[in-house]
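Structure assessment
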2 protein chains.
Amino acid sequence: MILSVDLNSEVPIYQQIRDRVVEAIASGELAVGSPLPSTRQLAADLGINFHTVNKAYDLLRREGLLLLNRKNGAVVQRDASSGPPAAHFTEDWTARLRTLLAEAVAQGMGDREALAACESTLARFTVTARGQGEPA
Amino acid sequence: MILSVDLNSEVPIYQQIRDRVVEAIASGELAVGSPLPSTRQLAADLGINFHTVNKAYDLLRREGLLLLNRKNGAVVQRDASSGPPAAHFTEDWTARLRTLLAEAVAQGMGDREALAACESTLARFTVTARGQGEPA
DNA sequence: GTGCTGTTCTATATCTTATAGAGCAGGAAG
DNA sequence: CTTCCTGCTCTATAAGATATAGAACAGCAC
């Protein structure tokens, strides 16, 4: 689990950590049961404060993706094979998707290009993350 | 141009305004040349400070979507028919798309469901916004 | 001149972000 | 038991973002 963050980015560090973990889960790099580095360890590796890592992990826990306890540390609790998402998640996610796609269309990206981008991005996830779905 | 914002949302007001304008441009509700309400007018309508609207408009201007001048006020400068987006935009947008799609996959949404959501969202935009692309 | 527009300053209050240090409870390993 | 690491919680501080507010200026229309 190698994780890279950009300290000069305008997006908060804890948000970047969360995003990278989410992407790792989606790509199958992290599956249910996979251990994550401890908050203090990851903080030391990234050269940041452990409270920042703690905030990212806590966010992932509230999203249902991570399980945290003093015994085993941080462990992945949910991945692509853990069943459908909650209703409120889908609702919120669709709204954010709408805004993101609108941005591309408004900037002049063609529908086919935008959809192709979605398709290829999803394909890169589902190549490695496989387990329950029937193959296409 | 009716615009609604949620004052109790965790997403900043100026960001909500920006998002709604972007979506209006993508849906064809706003085309190149369409006038937007003045900062003071929109602020009064929404019951917020005009500086907040100013920030949203300034953001949209920096994104190339709006043209602001003392003569005509705020006018849409770019829409789906204004040619392809800048390279740095596509790069940044793809990274954000990757994170958003990863979130859906990690939460257990199927690839086909996610792609279908992208497709239907894009379809709702391009029904009204048409001008340069050859029809499918 | 009057009135509208965007634009630019100062100022303030609140929240977020990131840092830092200290400590506690629980399990593992010596 | 002691030692060590774990998540977790508290206080504290500095810097930045967010939203408010008031005032003023320059350009254009009537």
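Residues numbered from 1 in each chain as written. Chains lettered and ligands numbered in written order. Predicted model: local features only at pLDDT ≥ 70, side-chain atom pairs only at ≥ 80, totals over all residues.

**With respect to the protein's contact with DNA strand D**
Close to DNA strand D lie 19 residues, the nearest being Ser38 and Leu68 of chain A together with Pro12, Asn49 and His51 of chain B. Residues belonging to the surface near DNA strand D are distributed by class as follows: 6 nonpolar, 9 polar and 4 charged. (Near = placed C-beta within 6 Å. Nonpolar A, V, L, I, M, F, W, Y, C, P; charged D, E, K, R; others polar.)

**Describing the confidence of the model for chain A**
Atom-level detail of predicted coordinates should not be read off regions where pLDDT is low. The share of residues in chain A with pLDDT of 70 or more is 92%, and the mean pLDDT across the chain is 91. Taken together, the stretch residues 129-136 of chain A has pLDDT below 50 and engages in 9 contacts with residues farther than four places along the chain or on a different chain. (pLDDT = per-residue confidence, 0-100. Contact = placed C-beta atoms within 7 Å.)

**Points about the relation of the copies chain A and chain B**
Mapping chain A onto chain B is achieved by rotating through 180° and translating by 0.0 Å along the same axis, at an RMSD of 0.0 Å. Viewed as a symmetry operation, the transformation between the two copies matches a two-fold axis. Relative to the rotation axis, the closest C-alpha in chain A is found at Cys118 of chain A, a distance of 3.6 Å. Both copies share a contact surface, since 100% of the interface residues of chain A are interface residues in chain B too. (Least-squares fit on C-alpha atoms with pLDDT ≥ 70 in both.)

**Description of the sheet that holds strand 1 (residues 35-36) of chain A**
Residues and elements named next belong to chain A. With antiparallel pairing, the 3 strands of this open sheet are ordered in space as 1-3-2. The open sheet is flanked by strand 1 and strand 2 (66-69), the only strands paired with a single partner. Running at roughly 120° to strand 2, helix 3 (residues 50-62) makes contact with strand 2 and strand 3 (73-76) of the sheet. (Pairing = 2+ DSSP bridges. Helix = DSSP H or I, 4+ residues; strand = E, 2+ residues; numbered from the N terminus. Axes fitted to C-alpha atoms, helices over the stretch in contact; angles between N-to-C directions.)

**Remarks on the protein's contact with DNA strand C**
Close to DNA strand C lie 19 residues, the nearest being Pro12 and His51 of chain A together with Ser38, Leu68 and Gly73 of chain B. Looking at the surface near DNA strand C, the elements that each hand over two or more residues are helix 1 (13-26) and helix 3 of chain A together with helix 2 (39-46), strand 2 (66-69) and strand 3 (73-76) of chain B. Of the residues forming the surface near DNA strand C, the biggest block, 3 residues, is contributed by helix 2 of chain B.

**Quick notes on the environment of Val76 of chain A**
All names here are of chain A. Within the secondary structure layout, Val76 lies in strand 3. As a C-alpha pair, Val76 and Arg124 span 48 residues in sequence and 20 Å in three-dimensional space. Beyond its immediate sequence surroundings of up to four residues, Val76 is in contact with Ile25, Leu30, Ala31, Val32, Gly33, Ser34, Leu65 and Leu66.

**Some words on the sheet that holds strand 2 of chain B**
Pairing between the strands of a sheet comes from backbone hydrogen bonds, and it takes one of two forms, parallel or antiparallel. Residues and elements named next belong to chain B. On the basis of which strands lie adjacent, the open sheet formed by 3 strands has the order 1-3-2 and antiparallel pairing. Edge strands, defined here as strands with exactly one partner in the open sheet, are strand 1 (35-36) and strand 2. Bridge analysis of strand 2 against strand 3 gives 4 bridges, and the strand direction is antiparallel. Residue pairing for strand 3: Asn69 is matched across the bridge by Gly73.

**A short note on the interface of chain A and chain B**
Contacts between the two partners involve 43 residues from chain A and, on the opposite side, 43 residues from chain B. For the side of chain A that touches chain B, the secondary structure elements donating two or more residues are helix 1, helix 4 (87-106) and helix 5 (111-128) of chain A. Here the side of chain A that touches chain B gets 14 residues from one element, more than from any other, and that element is helix 4 of chain A. Within the side of chain A that touches chain B, the residues separate by chemical class into 24 nonpolar, 10 polar and 9 charged.

**Comments concerning the packing of helix 1 (residues 13-26) of chain B against helix 3 (residues 50-62) of chain B**
Packed helices, taken two at a time, are described by the angle between their axes plus the distance between the axes. Residue and element names in this part refer to chain B. Helix 3 packs onto helix 1 with a crossing angle of 45° between their chain directions and a minimal axis gap of 8 Å. The orientation of helix 1 relative to helix 3 falls into the category oblique. Pair helix 1 / helix 3 crosses with right-handed handedness. On helix 3, the residues touching Ile13, Tyr14, Ile17, Arg18 and Val21 of helix 1 are Thr52, Val53, Lys55, Ala56, Leu59 and Leu60. (Parallel < 35°, antiparallel > 145°, perpendicular 65-115°, else oblique. Left-handed = near helix turned anticlockwise from the far one by under 90°.)

**Examining the domain arrangement of chain A**
For chain A, the assigned domains read domain 1 (13-76) and domain 2 (87-130). Relative placement of domain 1 of chain A and domain 2 of chain A: their C-alpha centres are 24 Å apart. (Domains from an automatic or database assignment.)

**Points about helix 4 (residues 87-106) of chain B**
All names here are of chain B. Here helix 4 is 20 residues long and its end C-alpha atoms lie 29 Å apart, about the 28 Å a rise of 1.5 Å per residue gives. The complete set of buried residues in helix 4 reads Leu97, Arg98, Thr99, Leu100, Leu101, Ala102, Glu103, Ala104, Val105 and Ala106. Two residues or fewer after helix 4 comes Gly108, characterised by a positive phi angle close to 100°. (Expected span 1.5 Å × (residues − 1). Buried ≥ 20, exposed ≤ 12 C-beta atoms within 10 Å, placed from the backbone.)

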